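Architecture at a glance
Below are the chains, spelled out letter by letter.
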Amino acid sequence: MDLSKWIEKENEEYKKEHPPDFMTHLNYVICFNTISEGLSAECKLDFKKKIYEGKILKKKINLIKLIIKNLQLESENIKTNIGFAEVCVPWIAVKIYYLMFNLFLILEYLISGQESSFNCSHEGLIKSLKGHIERKEIIFNKKMFNSNFQCLKIMNYKAKSGANLKVIGINLGERITQLLKKLISYKLEDFQRKRKIRDYRSKKNRLEKKEFLEYSTVNLFEFFYCYRIKSNYRDLEFLDKDISDEQFSDFYTNYLKIAANYYMTFKTLINCLSKIRLGKALL
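What you see is a predicted model, and the numbers here were worked out from it, not measured in a lab.

Another point: helix α2 (residues 20-36). Compared with an ideal rise of 1.5 Å per residue, which puts 17 residues at 24 Å, α2 spans 24 Å between its outermost C-alpha atoms and is within 8% of the ideal. Following α2 by one or two positions, Gly38 adopts a phi angle in the positive range, close to 75°.

Unusually for a residue other than glycine, Lys136 sits at a positive phi of about 60°. With respect to the helices, strands and loops of the structure, Lys136 is situated in the loop between α5 (122-134) and β2 (138-140). In this structure Lys136 comes out as exposed when scored by relative accessible area, which is 57%.

Where α2 meets helix α7 (residues 172-194), the closest approach of the two axes is 10 Å, and the angle between their N-to-C directions is 115°. Here the hand of the crossing between α2 and α7 comes out left-handed. Contacts between α2 and α7 involve His25, Asn27, Tyr28, Cys31, Phe32 and Ile35 on the former and, on the latter, Leu172, Arg175, Ile176, Gln178, Leu179, Lys182 and Tyr186.

Glancing now at the pattern of salt bridges. On inspection of all chains with the given rule, the structure shows 15 salt bridges. With a closest N to O distance of 3.1 Å, Lys130 and Glu222 form a salt bridge. Linking Lys130 in helix α5 with Glu222 in the loop between β4 (217-218) and α9 (223-233), this pair joins segments that are 92 residues apart in sequence. The burial state of Lys130 is the same as that of Glu222; both residues are buried.

Our next topic: the environment of Leu269. When you line up the elements, Leu269 lands in helix α10 (residues 245-277). When the C-alpha positions of Leu269 and Glu42 are compared, they lie 6.1 Å apart, and in sequence the two are 227 residues distant. Among all residues touching Leu269, those that are not within four sequence positions of it are Ala41, Glu42, Cys43, Leu107 and Ile138.

What follows is about the nonpolar core. One finds Phe32, Met100, Phe223 and Tyr262 to be the most contacted residues of the largest nonpolar core, which totals 85 residues. When residues of this core are assigned to their parent elements, the largest contribution, 18 residues, is made by helix α4 (residues 85-112). Excluding anything up to four places from it in sequence, Phe223 contacts Val29, Phe32, Leu179, Leu183, Tyr255 and Ile258.

Definitions and limits used
Residues numbered from 1 in each chain as written. Predicted model: local features only at pLDDT ≥ 70, side-chain atom pairs only at ≥ 80, totals over all residues. Heavy atoms only, no water. Helix = DSSP H or I, 4+ residues; strand = E, 2+ residues; numbered from the N terminus. Expected span 1.5 Å × (residues − 1). Buried < 20%, exposed > 50% of the residue type's maximum accessible area, 1.4 Å probe, protein only. Axes fitted to C-alpha atoms, helices over the stretch in contact; angles between N-to-C directions. Left-handed = near helix turned anticlockwise from the far one by under 90°. Contact = heavy atoms within 4.5 Å. Salt bridge = Lys/Arg side-chain N within 4 Å of Asp/Glu carboxyl O. Core = buried A, V, L, I, M, F, W, Y, C linked by side-chain atoms within 4.5 Å.

Dropping the structure here:
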(Lines give C-alpha, C1' and ligand atoms only; values in the text may rest on other atoms or scores of the structure.)
Protein backbone atom coordinates (compact mmCIF):
# COMPACT_ATOMS: atom_id res chain seq x y z
CA MET A 1 0.00 0.00 0.00
CA ASP A 2 1.44 3.40 -0.99
CA LEU A 3 1.56 6.28 1.49
CA SER A 4 -1.41 8.21 0.08
CA LYS A 5 -3.70 5.18 0.25
CA TRP A 6 -2.52 4.39 3.79
CA ILE A 7 -3.26 7.98 4.89
CA GLU A 8 -6.72 7.80 3.31
CA LYS A 9 -7.44 4.47 5.01
CA GLU A 10 -6.29 5.74 8.41
CA ASN A 11 -8.40 8.88 8.10
CA GLU A 12 -11.47 6.81 7.17
CA GLU A 13 -10.96 4.48 10.12
CA TYR A 14 -10.57 7.47 12.42
CA LYS A 15 -13.82 9.05 11.20
CA LYS A 16 -15.76 5.87 12.00
CA GLU A 17 -14.84 6.14 15.69
CA HIS A 18 -15.21 9.90 16.07
CA PRO A 19 -18.36 12.05 15.56
CA PRO A 20 -17.72 14.16 12.41
CA ASP A 21 -19.26 17.40 13.75
CA PHE A 22 -17.23 17.24 16.91
CA MET A 23 -14.03 16.24 15.11
CA THR A 24 -14.32 19.21 12.76
CA HIS A 25 -14.24 21.59 15.71
CA LEU A 26 -11.58 19.65 17.59
CA ASN A 27 -9.38 19.77 14.49
CA TYR A 28 -9.85 23.54 14.23
CA VAL A 29 -9.05 24.03 17.91
CA ILE A 30 -5.92 21.87 17.63
CA CYS A 31 -4.90 23.82 14.52
CA PHE A 32 -5.37 27.18 16.25
CA ASN A 33 -3.42 25.97 19.26
CA THR A 34 -0.57 24.89 16.99
CA ILE A 35 -0.31 28.13 15.02
CA SER A 36 -0.65 30.36 18.10
CA GLU A 37 2.22 28.70 19.98
CA GLY A 38 5.09 31.14 20.44
CA LEU A 39 2.92 34.08 19.39
CA SER A 40 4.13 37.54 20.37
CA ALA A 41 3.14 41.11 19.53
CA GLU A 42 4.51 44.62 19.75
CA CYS A 43 2.94 48.05 19.59
CA LYS A 44 4.56 50.44 17.11
CA LEU A 45 2.88 53.56 18.50
CA ASP A 46 5.14 56.03 20.30
CA PHE A 47 3.75 56.99 23.70
CA LYS A 48 5.27 59.69 25.88
CA LYS A 49 2.30 60.86 27.95
CA LYS A 50 1.40 59.19 31.24
CA ILE A 51 -2.24 58.35 31.96
CA TYR A 52 -4.36 58.11 35.11
CA GLU A 53 -5.03 54.68 36.62
CA GLY A 54 -8.75 54.57 37.24
CA LYS A 55 -10.93 52.26 39.31
CA ILE A 56 -12.32 50.45 36.27
CA LEU A 57 -8.84 49.23 35.37
CA LYS A 58 -8.45 47.58 38.78
CA LYS A 59 -11.83 45.87 38.39
CA LYS A 60 -10.83 44.49 34.98
CA ILE A 61 -7.54 43.15 36.31
CA ASN A 62 -9.31 41.46 39.23
CA LEU A 63 -11.84 39.92 36.84
CA ILE A 64 -9.04 38.54 34.66
CA LYS A 65 -7.37 37.01 37.70
CA LEU A 66 -10.64 35.40 38.83
CA ILE A 67 -11.27 33.87 35.39
CA ILE A 68 -7.72 32.49 35.25
CA LYS A 69 -8.07 31.04 38.75
CA ASN A 70 -11.36 29.39 37.78
CA LEU A 71 -9.86 27.90 34.60
CA GLN A 72 -6.82 26.61 36.49
CA LEU A 73 -9.08 24.90 39.04
CA GLU A 74 -11.16 23.31 36.27
CA SER A 75 -8.05 22.10 34.50
CA GLU A 76 -6.69 20.48 37.67
CA ASN A 77 -10.03 18.78 38.31
CA ILE A 78 -10.07 17.36 34.78
CA LYS A 79 -6.57 15.96 35.30
CA THR A 80 -7.76 14.01 38.35
CA ASN A 81 -11.23 13.18 36.97
CA ILE A 82 -11.33 13.22 33.17
CA GLY A 83 -15.13 12.82 33.13
CA PHE A 84 -15.41 16.37 34.49
CA ALA A 85 -14.33 17.68 31.06
CA GLU A 86 -17.83 17.03 29.68
CA VAL A 87 -19.23 19.48 32.25
CA CYS A 88 -16.59 22.13 31.52
CA VAL A 89 -16.50 22.10 27.72
CA PRO A 90 -19.89 23.81 27.09
CA TRP A 91 -18.68 26.85 29.09
CA ILE A 92 -15.06 27.07 28.00
CA ALA A 93 -15.73 29.33 24.98
CA VAL A 94 -17.69 31.83 27.09
CA LYS A 95 -15.10 32.01 29.88
CA ILE A 96 -12.17 32.32 27.49
CA TYR A 97 -13.93 35.01 25.48
CA TYR A 98 -14.47 37.19 28.54
CA LEU A 99 -10.86 36.67 29.54
CA MET A 100 -9.79 37.92 26.09
CA PHE A 101 -12.41 40.67 26.00
CA ASN A 102 -11.09 42.19 29.24
CA LEU A 103 -7.49 41.86 28.10
CA PHE A 104 -8.34 43.63 24.84
CA LEU A 105 -10.20 46.36 26.75
CA ILE A 106 -7.13 47.05 28.88
CA LEU A 107 -4.94 47.16 25.79
CA GLU A 108 -7.33 49.61 24.11
CA TYR A 109 -7.35 51.76 27.26
CA LEU A 110 -3.56 51.89 27.32
CA ILE A 111 -3.43 52.84 23.65
CA SER A 112 -6.19 55.48 23.74
CA GLY A 113 -5.46 56.81 27.23
CA GLN A 114 -9.21 57.21 27.69
CA GLU A 115 -11.14 55.43 30.45
CA SER A 116 -14.18 55.52 28.15
CA SER A 117 -12.46 52.67 26.23
CA PHE A 118 -13.83 50.32 28.89
CA ASN A 119 -17.34 51.09 27.60
CA CYS A 120 -16.49 49.70 24.17
CA SER A 121 -18.98 47.17 22.77
CA HIS A 122 -17.92 43.71 21.65
CA GLU A 123 -18.23 44.61 17.97
CA GLY A 124 -16.64 48.01 18.54
CA LEU A 125 -13.62 46.48 20.26
CA ILE A 126 -13.13 43.95 17.46
CA LYS A 127 -13.29 46.76 14.89
CA SER A 128 -10.78 48.83 16.85
CA LEU A 129 -8.29 45.96 17.20
CA LYS A 130 -8.59 45.11 13.52
CA GLY A 131 -7.90 48.77 12.79
CA HIS A 132 -4.68 48.68 14.85
CA ILE A 133 -3.60 45.58 12.92
CA GLU A 134 -4.56 47.08 9.54
CA ARG A 135 -2.55 50.25 10.28
CA LYS A 136 0.37 48.15 11.55
CA GLU A 137 0.15 49.75 14.97
CA ILE A 138 0.10 46.25 16.48
CA ILE A 139 2.33 43.71 14.77
CA PHE A 140 2.54 39.99 15.53
CA ASN A 141 5.60 37.84 14.94
CA LYS A 142 3.55 35.48 12.73
CA LYS A 143 2.36 36.89 9.40
CA MET A 144 -1.06 35.22 9.33
CA PHE A 145 -2.09 37.05 12.53
CA ASN A 146 -1.36 40.42 10.87
CA SER A 147 -3.98 39.88 8.16
CA ASN A 148 -7.62 40.91 8.11
CA PHE A 149 -8.85 38.49 5.45
CA GLN A 150 -11.68 39.51 3.12
CA CYS A 151 -14.63 37.27 3.92
CA LEU A 152 -15.75 36.80 0.30
CA LYS A 153 -12.33 35.57 -0.83
CA ILE A 154 -12.14 33.06 2.01
CA MET A 155 -15.69 31.81 1.39
CA ASN A 156 -14.91 31.30 -2.31
CA TYR A 157 -12.20 28.81 -1.37
CA LYS A 158 -13.26 25.25 -2.20
CA ALA A 159 -11.86 22.56 0.08
CA LYS A 160 -11.77 18.89 -0.84
CA SER A 161 -14.64 16.85 0.58
CA GLY A 162 -13.78 15.51 4.04
CA ALA A 163 -10.62 17.64 4.35
CA ASN A 164 -11.90 19.15 7.62
CA LEU A 165 -11.97 15.66 9.20
CA LYS A 166 -8.48 14.57 8.25
CA VAL A 167 -6.01 14.00 11.08
CA ILE A 168 -3.14 12.52 9.07
CA GLY A 169 -1.43 14.17 6.10
CA ILE A 170 -3.20 17.49 6.61
CA ASN A 171 -2.25 20.69 4.80
CA LEU A 172 -1.86 23.39 7.46
CA GLY A 173 -2.70 26.23 5.08
CA GLU A 174 -5.85 24.42 4.03
CA ARG A 175 -6.83 23.77 7.65
CA ILE A 176 -6.36 27.46 8.55
CA THR A 177 -8.57 28.47 5.61
CA GLN A 178 -11.21 25.98 6.80
CA LEU A 179 -11.05 27.54 10.27
CA LEU A 180 -11.47 31.04 8.80
CA LYS A 181 -14.46 29.84 6.76
CA LYS A 182 -16.06 28.49 9.92
CA LEU A 183 -15.50 31.83 11.69
CA ILE A 184 -17.07 33.68 8.78
CA SER A 185 -20.09 31.36 8.82
CA TYR A 186 -20.59 32.25 12.50
CA LYS A 187 -20.18 35.95 11.73
CA LEU A 188 -22.79 35.60 9.00
CA GLU A 189 -25.17 33.80 11.37
CA ASP A 190 -24.71 36.64 13.88
CA PHE A 191 -25.35 39.20 11.14
CA GLN A 192 -28.50 37.33 10.08
CA ARG A 193 -29.77 37.11 13.66
CA LYS A 194 -29.17 40.82 14.40
CA ARG A 195 -30.77 41.92 11.13
CA LYS A 196 -33.65 39.50 11.75
CA ILE A 197 -33.18 37.94 8.32
CA ARG A 198 -35.19 34.74 8.14
CA ASP A 199 -33.50 33.36 5.01
CA TYR A 200 -31.78 34.49 1.83
CA ARG A 201 -34.49 33.59 -0.66
CA SER A 202 -35.44 37.17 -1.49
CA LYS A 203 -33.30 39.35 -3.75
CA LYS A 204 -33.00 42.00 -1.01
CA ASN A 205 -31.70 39.52 1.58
CA ARG A 206 -29.30 37.92 -0.90
CA LEU A 207 -27.92 41.36 -1.67
CA GLU A 208 -27.43 42.06 2.05
CA LYS A 209 -25.51 38.79 2.41
CA LYS A 210 -23.38 39.59 -0.66
CA GLU A 211 -22.53 43.06 0.66
CA PHE A 212 -21.69 41.65 4.09
CA LEU A 213 -19.21 39.17 2.60
CA GLU A 214 -17.73 41.74 0.20
CA TYR A 215 -17.10 44.44 2.79
CA SER A 216 -16.38 42.40 5.92
CA THR A 217 -13.05 40.97 7.02
CA VAL A 218 -12.04 38.31 9.51
CA ASN A 219 -8.99 38.08 11.75
CA LEU A 220 -7.90 34.95 13.57
CA PHE A 221 -8.43 36.56 16.98
CA GLU A 222 -12.18 36.66 16.20
CA PHE A 223 -12.12 32.94 16.96
CA PHE A 224 -12.89 33.80 20.60
CA TYR A 225 -15.93 35.94 19.81
CA CYS A 226 -17.30 33.57 17.16
CA TYR A 227 -17.15 30.52 19.42
CA ARG A 228 -18.69 32.51 22.25
CA ILE A 229 -21.59 33.30 19.89
CA LYS A 230 -21.83 29.59 19.09
CA SER A 231 -22.09 28.84 22.80
CA ASN A 232 -24.68 31.52 23.53
CA TYR A 233 -27.04 31.07 20.63
CA ARG A 234 -26.51 27.61 19.20
CA ASP A 235 -25.60 25.76 22.40
CA LEU A 236 -22.56 24.11 20.82
CA GLU A 237 -24.82 21.50 19.24
CA PHE A 238 -21.81 19.63 17.92
CA LEU A 239 -21.20 18.49 21.52
CA ASP A 240 -24.53 16.66 21.61
CA LYS A 241 -22.95 13.49 20.24
CA ASP A 242 -21.50 10.22 21.46
CA ILE A 243 -18.21 11.75 22.59
CA SER A 244 -15.72 10.05 24.91
CA ASP A 245 -14.23 11.60 28.04
CA GLU A 246 -10.85 11.66 26.30
CA GLN A 247 -12.28 13.63 23.37
CA PHE A 248 -13.93 16.16 25.68
CA SER A 249 -10.62 16.49 27.52
CA ASP A 250 -8.70 16.99 24.25
CA PHE A 251 -11.07 19.76 23.21
CA TYR A 252 -10.89 21.50 26.59
CA THR A 253 -7.11 21.20 26.88
CA ASN A 254 -6.41 22.55 23.40
CA TYR A 255 -8.88 25.41 23.86
CA LEU A 256 -7.22 26.29 27.15
CA LYS A 257 -3.79 26.25 25.47
CA ILE A 258 -5.02 28.69 22.82
CA ALA A 259 -6.11 30.99 25.63
CA ALA A 260 -2.73 30.62 27.33
CA ASN A 261 -0.93 31.44 24.08
CA TYR A 262 -2.97 34.61 23.58
CA TYR A 263 -2.89 35.54 27.25
CA MET A 264 0.91 35.44 27.38
CA THR A 265 1.09 37.44 24.13
CA PHE A 266 -1.17 40.21 25.39
CA LYS A 267 0.11 40.09 28.96
CA THR A 268 3.59 40.92 27.66
CA LEU A 269 2.25 43.63 25.36
CA ILE A 270 0.05 45.17 28.09
CA ASN A 271 2.90 45.20 30.62
CA CYS A 272 5.19 46.83 28.09
CA LEU A 273 2.67 49.62 27.44
CA SER A 274 1.63 49.99 31.08
CA LYS A 275 5.24 50.61 32.13
CA ILE A 276 5.25 53.55 29.73
CA ARG A 277 1.72 54.81 30.45
CA LEU A 278 1.42 54.01 34.17
CA GLY A 279 4.98 53.41 35.28
CA LYS A 280 4.39 49.78 36.26
CA ALA A 281 3.40 46.32 34.99
CA LEU A 282 -0.25 45.40 35.41
CA LEU A 283 -0.37 41.61 34.97
